[in-house]
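Remarks on the overall topology
As a plain string of letters, each chain reads:
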Amino acid sequence: MTNDNKPAQPTDLMFGDDELERRLAQTWRTPAGVWGALTTVDHKIIGRRYIVTAFVFLALGGLLALAMRLQLAQPEARFIGPDRYNQIFTMHGSNMMFLFAVPVMEAMAVYLVPLMVGTRNIAFPRLNAFSYWIYLAGGLLLWISFALDTAPDVGWFAYVPLSGPQYGAGKRADLWAQMITFTEVAALAVAVEIVVTVFKQRAPGMSLDRIPLFVWSMLVTAFLVIMAMPAIMLASSTLILDRLVGTHFYNPTEGGDALLWQHLFWFFGHPEVYIIFLPAVGMVSTIIATFSRRPVFGYLPLVMALIATGLLAFGLWVHHMFVVGLPKLGESFFTASSMAIAIPAGIQIFCWLATLWGGQPVLKTPMLFVLGFIVTFVIGGLTGVMVASVPFDTQVHDTYFVVAHFHYVLVGGAVFPLLGAIYYWFPKISGRMMSETLGRWAFALIFAGFNLTFFPMHILGLEGMPRRIYTYQPEMPWAGMNMFVSFSALILSLGFLVFFVDVIRSTRSGQIAGENPWGASTLEWATSSPPPCFNFRRIPVVGARDPLWSQPEELTVAGGLRTDRRELIVSSVVEAQPEASESSPRNSIWPLLAALATTVMLIWSIFSPWAVIWGSIPIGITLTGWFWPKQTPEDES
Amino acid sequence: MKAGAAVVLFVSAILIAGCNGAQSALNAEGAAAVQLKHLIIGIVVVCSVVWALVMVVLVLALLRARTPRESPSSESERRMGKLVTAAVAATVVIIAGLTIASFYATRGLGMSEDATLAIKVRGQQWWWQFIYDDVDPAKSFQTANEMHIPVGVDIRIELESSDVIHSFWVPSLAGKRDLIPGRQNVITIRAERPGVYRGQCAEFCGLQHSHMALFVIAEDMAAYQRWAAAQRASSVSSADPEATAGKALFMRKPCAACHTIRGTEASGSTGPDLTHVGSRQTIAAGLLDNTRGSLAAWIADPQTLKPGNNMPMVPLSSDELRQLSAYMESLK
Amino acid sequence: MPWEVSREFFDRAFIAVAFLVTLGAAALIGEAREGRQYRTDPTVGAALDELRLMPNGISGTPPEIYFALGKPYETTAYDLSQGKRLYSWFGCGACHGDGRGGRGPSFLDGWWLYGPEMVSIAASIRDGRPHGMPAFRDKMTIDEIWQLAGYVQTIGAYKAKITAPSRNDDKQTRPAENRAPAAILFDEGPVGPNAVQEPSH
């Protein structure tokens, strides 16, 4: 960084603001047009794309839910037959869990984490681009199969033997299993990038105890992804092997075990819901701090609670298997651990309440969604404590009670904060404010519609209505409440419609936002809205938590990065002392090509095992192209 | 206010109506279900109180904000810290209490050692096979979808599956237990009062998971013995000419290839045992009430009533249908 | 900058439209595809029963309706799967084993006594054959007979079909149907159970 002997190496110390911006834009820009769109490695463009795609999947999944509610509104209705209905609820669950919930949280991280830690791009930018294309391919695979009437029809958790070779006819379950491979590769890629960005690319001075809470939550989430995804990849791969090749992993007569699937799946499946929930926790902490006009109460307990939740999340999975006939002692252990995870959740709730108590809450739309989160998530968490008890669970497992519980924790605990986060960060992403009026309407309709739709399901479950049924008998006392729930679902959909309308309108004609319309404290608000392609003119130096509140006038900055090639600062893990300037890759077409090759191989392998051999050749070629030195200026770095 | 009261009334009406449902966990009639209901109500009450407290604090925190304040002092932060710690400690105590209550309930619901009657349940796509085995093979019999048990006695239910995972769940009597191919699970049920208890398969098992109900009919010991004796006997021969013609038809058509009627040549094992089908309350796993009309409708077109189930639609003329339904009805 | 935002909007709109058009096209293809048939219309069932056999009964042509329906039962995974269940439910294994034969001929030796066409297999099942194959016309519906015929044809197929069922959740005795098992055992040559092949009148 201090090469005094070499002349004429342009660094950001040499130029004034305007000239610096011009040069950095030249170095970091994404070219216009289709080629630029296909080759970009800018985390902001990729993050935006990811978020939009995930919300498209949310809308599609919501339509599936409306179809289900239409069918269930009346007993013995004939709108949707059993085969289609089974496909619909499998699609709804798989879409929401694999194509919406996890990707959207990772997408928010892809956009925000580099800005929040004060760096120019995410780590491994080409892997980031690859991850998006793989995700898109997996989503298209699943939805095109639905359009072709070969969607998986075995439930989002695809228990064997129903999804096995004998009872799962056709390629439906194979398509499901391969979609898992696509989305989990994408998720793992982003998780690795987040860990490296957070650990090694922080702005100088941003020691571990000064990282924003959202970044902490994404760091813990990324570790959960890395630890949990291999279990589901193993499960889905062994399922394809059983179905395609004739192995006996899940065949009891030949030494396999139907329960092995359940253990493998839920070892992933439980951390999966925390992968969805923890980023929302980070969003809540951020929004509550900004709109209470004070730093969050209890930074250290909140971080500890995040880590504790992440660790405990791996010790709960058997609570999904309380009725399969496992030994009582084992089940009781999992009751204890499942109840215990309520304690870190409680710590978080109490710290947020304390923040509100000691602050001056401003009830703008993001804050409204956070308040809605507190109301709904506490209900969901408490019903979680209920189903954590083995005897209680033997009555409500696989009934609408559980459906109510997980929608309360997923919608209340993750979607509400996400919607609030969209309202909060939309000005930063697009440069325009969303409408406060429409926001309030969206919140009111969604909050009321959600509670009216899902609260009665607790009662339906206790009254004996099982899950995943496409119809029910007229003599059961469920018809009235099901009709009520179906109507309330319309209110919920209307709320989401208002939200989508608001997003689209605000993109084109929203009020122009400044750099920091909310007066927030984290680093992403220290640059323009939307941020320039290089994120920050000069890398800020951080001296405390909440940098914009501790240095409201002007931030201290660090200098010395080159302007003629893409460089960012690599800093130490704990104290964020700058260690080196590292080059960041330029735009490249190879991630797209590698994703195409991988897609071809994975889809082909649904039909023939030889695909793994022959399909690896194009992948090898594209990876070679990816890593081949390109004679760019970054190579000298 | 009026709207609020109306909502409360509406919800209470639904709740009360639900409590009378024959398939409700809150309508507990079995020993196990009663214990579970007490646990359920207890935990729900505790959790509701916790939620209400959190809401009170939330509302107060928002209302407090009306008076402008300076940024919090370190003393007020410390006080807040103590309150939060106290709240966390209270949470730990409550969680521990709920865990211990759950442990005690689990212990109380253990397997009974002195069950005199054992019934084997085999789950099929999409019906229930009940096998009443006896040491004397001549006294063993099978039935389908409707199980009779004596009241006040522990019954040992052995759960097996012949295809995919199902779940045996009669909420009024006990919690559920899965039927998993390759292993045998055991559950104990005990009805305290005579009655008809409806249950349903509670693990997604394919196309007709929705239509896989079962009935457990608890009766006093004498009535149960009478029922069991009647079930053990071979099929009834009816003198009615339509029923006799129906019986000949049954043997000639594909029916006998899949169904068993003890005392005749029909000995198929793919479909339910029909030896005493006329004595059951419902047919097709709880789909239809057992009347001659519904029997005829079911035989005529099972695929429209229960699409995807394994009973094919056999082409029959209206005379044949009438004869067959007469025969089925006569098999009391 | 406003113009950047509107270009982003155009990009997004383009992506959304492309996505919807793809799905729409797929949906159209899906509509055209034959869905799973659980219920054979009685008239269709009666028509499927009219196998057009040659005078010696060995083989022939399927009824017109078979072609009108697009030759189902050979290519629908659901029907092949059901056929496999019917194979075990109706005790075919008692004579034909797991396909390798026993008292009855093998399906896995690459040799078809009456020809590999669907119609001859269906005729064998429906009408029976000399030397011990019973007639199942009174024990199964014609729809089930066709499903079983499709499955039997798959057992002895020379090449694996994409839609062939895989292994059973049972004891493994031979490779799964989707691994083209017949080809593995072809070298052993035909092992018919009876040297005399004509029908015994």
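All of these numbers come straight from a predicted model, not from anything done at the bench.

Now for the overall build of chain C. Counting its regular elements, chain C contains 8 helices and 2 strands. Taken from N to C terminus, the helices and strands of chain C fall in the order α-α-β-β-α-α-α-α-α-α. Relative to its 201 residues, chain C shows a buried fraction of 36%. The long-range fraction of contacts in chain C, counting pairs at least 24 apart against all pairs at least 6 apart in sequence, stands at 66%.

Turning our eyes to something else, we now look at the overall build of chain A. A count of helical and extended segments in chain A gives 20 helices and 4 strands. Scaling as 2.2 N^0.38, a compact globule of 637 residues should have a C-alpha radius of gyration of about 26 Å, and chain A matches this with 25 Å. Structurally, chain A occupies a C-alpha span of about 85 × 60 × 50 Å along its principal axes. Each of the 637 residues in chain A was classed as buried or not, and the buried ones make up 62%. Contacts in chain A between residues at least 24 apart in sequence constitute 81% of all its contacts with a sequence separation of at least 6.

Moving on, we get to the packing of helix H5 (residues 125–147) of chain A against helix H18 (residues 590–604) of chain A. Residues and elements named next belong to chain A. Two elements in contact, H5 and H18, have axes separated by 8 Å at closest approach and are oriented at 35°. Considering how the two elements wind past one another, H5 and H18 form a crossing that is right-handed. Of the residues in H18, those touching H5 at Arg-126, Ala-129, Phe-130, Trp-133, Ile-134, Ala-137 and Leu-141 are Trp-590, Pro-591, Leu-592, Ala-594, Ala-595, Thr-598, Thr-599 and Ile-603. Among the residues forming the contact of H5 with H18, the class breakdown is 12 nonpolar, 2 polar and 1 charged.

Our focus in this paragraph is the sheet that holds strand E5 (residues 155–161) of chain B. Residues and elements named next belong to chain B. With mixed pairing, 5 strands are arranged side by side in an open sheet as E3-E2-E1-E5-E8. Only two strands of the sheet have a single neighbouring strand rather than two, namely strand E3 (141–144) and strand E8 (185–189). Here the strands of the sheet are splayed against their neighbours by 25° on average, with no regard to which way each runs.

Let us look at the interface of chain C and chain A. How big an interface is tends to be expressed through the accessible area that disappears when the partners come together. Contact residues are listed per partner, giving 32 residues for chain C and 29 residues for chain A. In terms of residue count, helix H1 (residues 2–32) of chain C provides more of the side of chain C that touches chain A than any other element does, 13 residues in total. Here the residues of the side of chain C that touches chain A sort into 14 nonpolar, 9 polar and 9 charged.

All names here are of chain B. The mixed open sheet is built from 3 strands, whose spatial order is E4-E10-E9. Only two strands of the sheet have a single neighbouring strand rather than two, namely strand E4 (146–150) and strand E9 (195–200). Neighbour to neighbour, the strand axes of the sheet diverge by 25° on average, direction disregarded. As paired elements, E4 and strand E10 (residues 213–219) share 5 bridges and run parallel to each other. Directly across from His-148, in E10, lies its bridge partner Ile-217.

On the side of chain A, 69 residues touch chain B, which itself brings 70 residues to the contact. Listing elements by their share of the side of chain B that touches chain A, those giving two or more residues are helix H1 (2–19), helix H2 (31–64), helix H3 (74–108) and strand E7 (177–179) of chain B. Along the lines of polarity and charge, the residues of the side of chain B that touches chain A split into 42 nonpolar, 20 polar and 8 charged.

This part covers the nonpolar core. Counting 334 residues, the largest nonpolar core has Ala-101, Val-113 and Val-215 of chain A together with Ala-122 and Ala-149 of chain C as its most contacted members. Looking at this core, the element that brings in the most residues is helix H4 (residues 82–117) of chain A, giving 23 residues. What Ala-122 of chain C contacts, discounting residues up to four positions off in sequence, is Leu-51, Ile-145, Trp-146 and Ala-149 of chain C.

Walk down a regular strand and you will see the side chains alternate between the two sheet faces. In terms of burial, E4 of chain B is a largely internal element, 5 of the 5 residues being buried. Along E4 of chain B, one buried face is formed by Glu-146, His-148 and Pro-150 of chain B and the opposite face, lined by Met-147 and Ile-149 of chain B, is buried too.

Time to look at the confidence of the model for chain C. Counting all residues, the mean pLDDT for chain C is 83, and 83% of those residues have values of 70 or more. On the interface metric, ipTM, the complex scores 0.93, and its pTM is 0.94.

To continue, consider the pairing of E5 of chain B. All names here are of chain B. Side chains of E5 alternate between two faces, with Ile-155, Ile-157, Leu-159 and Ser-161 buried and Arg-156, Glu-158 and Glu-160 left unburied. Direction of pairing for E5 relative to E8: antiparallel, over a ladder of 5 bridges. Looking across to E8, one finds that Glu-158 is bridged to Val-186.

Another aspect to go through is unusual backbone geometry. Keep in mind that most residues, glycine aside, have a negative phi and that most peptide bonds are trans. Cis geometry is found at the peptide bond from Val-160 of chain A to Pro-161 of chain A, where omega equals 0°. Counting through the fold element by element, Pro-161 of chain A comes out in the loop between H5 and helix H6 (172–200). Here the bond from Gln-125 of chain B into Trp-126 of chain B is cis, since omega is 5°, no more than 30 degrees from zero. Within the element layout of this structure, Trp-126 of chain B appears in the loop between strand E1 (117–124) and strand E2 (127–132). Phi at Asp-149 of chain A is positive, roughly 65°, even though this residue is not glycine. Looking at the secondary structure, you find Asp-149 of chain A in the loop between H5 and H6. In this model, Ala-158 of chain A sits at a positive phi of 45°, which is unusual for a non-glycine residue. In this structure, Ala-158 of chain A sits in the loop between H5 and H6. Overall, Ala-158 of chain A belongs to the buried group, with 26 C-beta atoms counted inside 10 Å.

All right, on to the environment of Val-54 of chain B then. Within the secondary structure, Val-54 of chain B sits in helix H2. The class for Val-54 of chain B is buried, based on 21 C-beta atoms found within 10 Å. With residues near it in sequence (within four places) discarded, Val-54 of chain B still touches Ile-349 and Val-378 of chain A.

The subject of this paragraph is the packing of helix H6 (residues 118–127) of chain C against helix H7 (residues 142–155) of chain C. Two packed helices can be described by the angle between their axes and the distance between those axes. Residues and elements named next belong to chain C. Orientation of H6 relative to H7, taken along the N-to-C sense of each, is 120°, at an axis distance of 9 Å. If you check the angle between H6 and H7, you find them oblique. Crossing angle aside, the handedness with which H6 passes H7 is right-handed. When H6 is examined against H7, the residues Met-118, Ile-121, Ala-122, Ile-125 and Arg-126 are found in contact with a partner set consisting of Ile-145, Trp-146, Leu-148, Ala-149, Gly-150, Val-152 and Gln-153.

With that settled, consider the environment of Ala-326 of chain B. All names here are of chain B. You can see Ala-326 is positioned in helix H9 (residues 318–330). When the C-alpha atoms of Ala-326 and Ser-238 are compared, they prove to be 9.6 Å apart, with 88 residues separating the residues in sequence. Residues in contact with Ala-326, not counting those within four places in the same chain, are Asp-240, Glu-242, Ala-243 and Gly-246.

All names here are of chain A. Checked against the element boundaries, Pro-427 lands in helix H14 (residues 400–430). Taking the C-alpha atoms as reference, Pro-427 lies 31 Å from Ser-94; in sequence the two are 333 residues apart. Ignoring sequence-local partners within four residues, the contact set of Pro-427 consists of Arg-432, Met-433, Ala-513, Pro-517 and Ser-529.

About the thresholds
Residues numbered from 1 in each chain as written. Chains lettered and ligands numbered in written order. Predicted model: local features only at pLDDT ≥ 70, side-chain atom pairs only at ≥ 80, totals over all residues. Helix = DSSP H or I, 4+ residues; strand = E, 2+ residues; numbered from the N terminus. Buried ≥ 20, exposed ≤ 12 C-beta atoms within 10 Å, placed from the backbone. Contact = placed C-beta atoms within 7 Å. Rg over C-alpha atoms; globule rule 2.2 N^0.38 Å. Axes fitted to C-alpha atoms, helices over the stretch in contact; angles between N-to-C directions. Left-handed = near helix turned anticlockwise from the far one by under 90°. Nonpolar A, V, L, I, M, F, W, Y, C, P; charged D, E, K, R; others polar. Pairing = 2+ DSSP bridges. Core = buried A, V, L, I, M, F, W, Y, C linked by C-beta atoms within 7 Å. pLDDT = per-residue confidence, 0-100. Parallel < 35°, antiparallel > 145°, perpendicular 65-115°, else oblique.

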